[in-house]
Amino acid sequence: MPDLVDRVRALVPLLRSNAARCTAERRVPRENLDALRGTGLFRAALPRRLGGLELDVRTKLAALTEVARGCGSTAWVATIYLDSVFLLAKFPDEVQEEVFADPEAFHCATLAVPGRAVVVDGGYSVSGRWPFNSGCLDASYLLQPAVVEGCGPAHFAIPARDLTVEDDWHVSGMEGTGSNTVSGRDVFVPHRHAIPSARLLDQEHRSERNADSPFFRHPPLPYLVTSAAASFLGLAEAAYEFYLDRLPRRGPVAYTGHAHHRDAAITHHQVAESRLKVDAARLLAEQAADLLDERVATGAGCDRQDRARVWGQVAYATRLCAEAVEALRLGSGASGISTAFPLHRIARDVQALATHAVLIPTTGIEHYGRALCGVEPGTPLLL
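Below is a short write-up of the structure.

Reading the values: rules and limits
- Here the residue numbering is sequential within each chain, running from 1 through the sequence in written order.
- pLDDT decides what is reported in this predicted model: residues at 70 or higher carry local features, side-chain atom pairs at 80 or more are listed and counted, and totals for whole chains, interfaces and linings draw on all residues regardless.
- Processing note: side-chain calculations cover all non-hydrogen atoms of the structure and skip hydrogens and water entirely.
- Within this scheme a cavity is a closed region of a 1 Å grid, computed over the protein atoms alone, that accommodates a 1.4 Å probe without allowing it to escape, whereas a pocket is open but has protein on both sides within 12 Å along at least five of seven lines; lining residues each have an atom within 4 Å of a point.
- Grid points are joined across faces, edges and corners, and a volume is the space filled by probe spheres set on the points.
- A run of DSSP states H or I qualifies as a helix once it reaches four residues; a run of E qualifies as a strand once it reaches two. Both are numbered from the N-terminal end.
- Any residue outside Ala, Val, Leu, Ile, Met, Phe, Trp, Tyr, Cys, Pro, Asp, Glu, Lys and Arg is labelled polar, Gly included; the first ten of those are nonpolar and the last four are charged.
- It only takes one pair of heavy atoms within 4.5 Å for two residues to be counted as in contact.
- Fitting a line to C-alpha atoms yields each axis, with helices limited to the stretch in contact; the angle taken between N-to-C directions then spans 0 to 180 degrees.
- Throughout, a crossing is termed right-handed when the near helix is turned clockwise from the far one, and left-handed when it is turned anticlockwise from it by less than a right angle.
- The term nonpolar core refers to a set of buried residues drawn from Ala, Val, Leu, Ile, Met, Phe, Trp, Tyr and Cys, joined through side-chain atoms within 4.5 Å.
- A simple rule labels every residue: compare its accessible area, found with a 1.4 Å probe on the protein chains alone, to the largest value its type can have, and call it buried under 20%, exposed over 50%, or partly exposed in between.
- The span expected for a helix works out to 1.5 Å for each residue beyond the first.

The method is simple in principle: a probe with the dimensions of a water molecule rolls over the atoms, and the space it marks as empty is what remains. Computed from the structure, the largest pocket encloses a volume of approximately 1,200 Å³. Around the largest pocket, the lining is made up of 47 residues, and of these Thr110, Leu111, Ala112, His356 and Val358 lie nearest the centre. Contributions of two or more residues to the lining of the largest pocket are made by α6 (72–88), β3 (123–133), α8 (197–200), α9 (220–246), α11 (304–331) and α12 (342–353). No other element matches the 6 residues that α6 contributes to the lining of the largest pocket. A breakdown of the residues in the lining of the largest pocket according to their chemical character gives 29 nonpolar, 14 polar and 4 charged. Space inside the second largest pocket adds up to approximately 340 Å³. Residue lining of the second largest pocket: 18 residues in total, with Phe42, Arg43, Leu46, Asp102 and Pro103 positioned closest to the centre. Contributing elements (two or more residues each) for the lining of the second largest pocket: α6, α7 (93–99) and β1 (106–109). Grouping the amino acids of the lining of the second largest pocket by side-chain chemistry returns 11 nonpolar, 3 polar and 4 charged.

As structure tokens, this is what we get:
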């Protein structure tokens, strides 16, 4: 759907104009969310029977990349909202009808740091503190993990009104994601709003009405990982654009014979290597997206090697993007640390996002290497 990508791309100036405000307020401006909703982006993973698009992975990657060109925090929250819909569509149909009843509602999810739950009459009593809930300030339902006493880990779709948002997201990058800790104590969750975590992350259908849709055969972890790649790609593209935009106005290179930065060989190397790294990262991410789309189109399904490959490709792409942004930041000189220069915020956002447990490059690369060597996965996420 190139028209959707074009609609999102048209919002880049708006997102850039609100980027400083997003950082200062530590949440995505409602204006950004409303504008993105108007493009249809948040219907990307919604079932068609509910008015959704069931968008292919390549187009999803392209659209979210454009959001990140405008604002990294907005892109990450948009990613969480989109991917949470994909996960919630794994629940039974009656739960989907309830959760997706409001077409303008947003939902978020976390996969790690489980709380605890005990079985009670009609459902579960769930308690926990769940950090890193990006987008929680505007979410209606939150999908949270907890270990059920005597049963194992499960995920629970909990209304936001039953949880408390703790204002603790004070960080040095991606401030606008509002990734606060969310907590709850003895929250009642009905049986239908719970799903074993292993089932949430497998490739099996739980919805009778979605059963005929190839889209919901995507393996969840690779689907989520390809979404995350977009924030790095868009941020790196933005850094490159801001660097080149400023370059003609830069004068002599201090303590050298170069009268203009644009004439210096070091500048040529920094620009070319950054461009090549971002291009290579995009190709890797697109290969991962194409693999998922091809497996769905043919009905072949993704085996363990495929899932590890996607993780490894995205991990390496994130490393390349981070390296490109850092080179451009260093090439900007002392002016690059000015908070008035957008590249400063972009560099902090990339550094922050690169610490995400799933996106740390060495993790994904290791898992792909294990798969290539025929070694069993070191994580249940790939089983």
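The discussion continues.
Bringing the side chain of His367 into the picture now. Mapped onto the fold, His367 is located in helix α13 (residues 361–372). Those residues in contact with His367, other than ones at most four positions away along the chain, are Ala308, Trp311, Gly378, Thr379 and Leu382.

Turning next to the packing of α11 against α13. It is at 7 Å that the axes of α11 and α13 come closest, and there the two elements cross at 145°. The handedness of the crossing between α11 and α13 is left-handed. Every residue of α13 that contacts α11 at Gln305, Ala308, Arg309, Trp311, Gly312, Ala315, Tyr316, Thr318 and Arg319 is listed here: Pro361, Thr362, Thr363, Gly364, Ile365, His367, Tyr368, Ala371 and Leu372.

Within the largest apolar cluster, 114 residues are counted, with the highest numbers of intra-cluster contacts made by Leu41, Val126 and Phe156. For this core, the element with the highest residue contribution is α9, accounting for 16 residues. For Val126, the residues in contact, after removing those within four places along its chain, are Arg116, Ala117, Ala146, Phe156, Ile158, Gly184, Arg185, Asp186, Val187 and Val189.

Further remarks concern the side chain of Thr110. Position of Thr110 among the secondary structure elements: in the loop between β1 and β2 (115–120). Its relative accessible area of 8% is what places Thr110 among the buried residues. Residues in contact with Thr110, not counting those within four places in the same chain, are Trp130, Pro131, Phe132, Asn133, Leu143, Gln144, Pro145 and His155.

Following the sequence through the fold, Ala236 ends up in helix α9. Owing to a relative accessible area of 1%, Ala236 belongs among the buried residues under this scheme. Each C-alpha atom of the pair Ala236 and Glu98 lies 39 Å from the other, and the pair is 138 residues apart in sequence. Sequence-distant contacts of Ala236, defined by excluding residues within four places in its chain, comprise Val278, Cys321 and Val325.

Take unusual backbone geometry next. Residue Arg26 is not a glycine yet carries a positive backbone phi of 60°. With respect to the element layout, Arg26 can be found in the loop between α3 (19–25) and α4 (30–39). Its identity as a non-glycine residue notwithstanding, Phe132 has a phi of 60°, on the positive side. Summarising the element assignment, Phe132 is placed in strand β3.

Right, let's talk about helix α10 (residues 265–298) for a bit. If you check α10, its first and last C-alpha atoms are 49 Å apart, about what 34 residues at 1.5 Å a residue would give, namely 50 Å. Backbone geometry just downstream of α10 places Gly299 in the positive-phi region, at approximately 75°.

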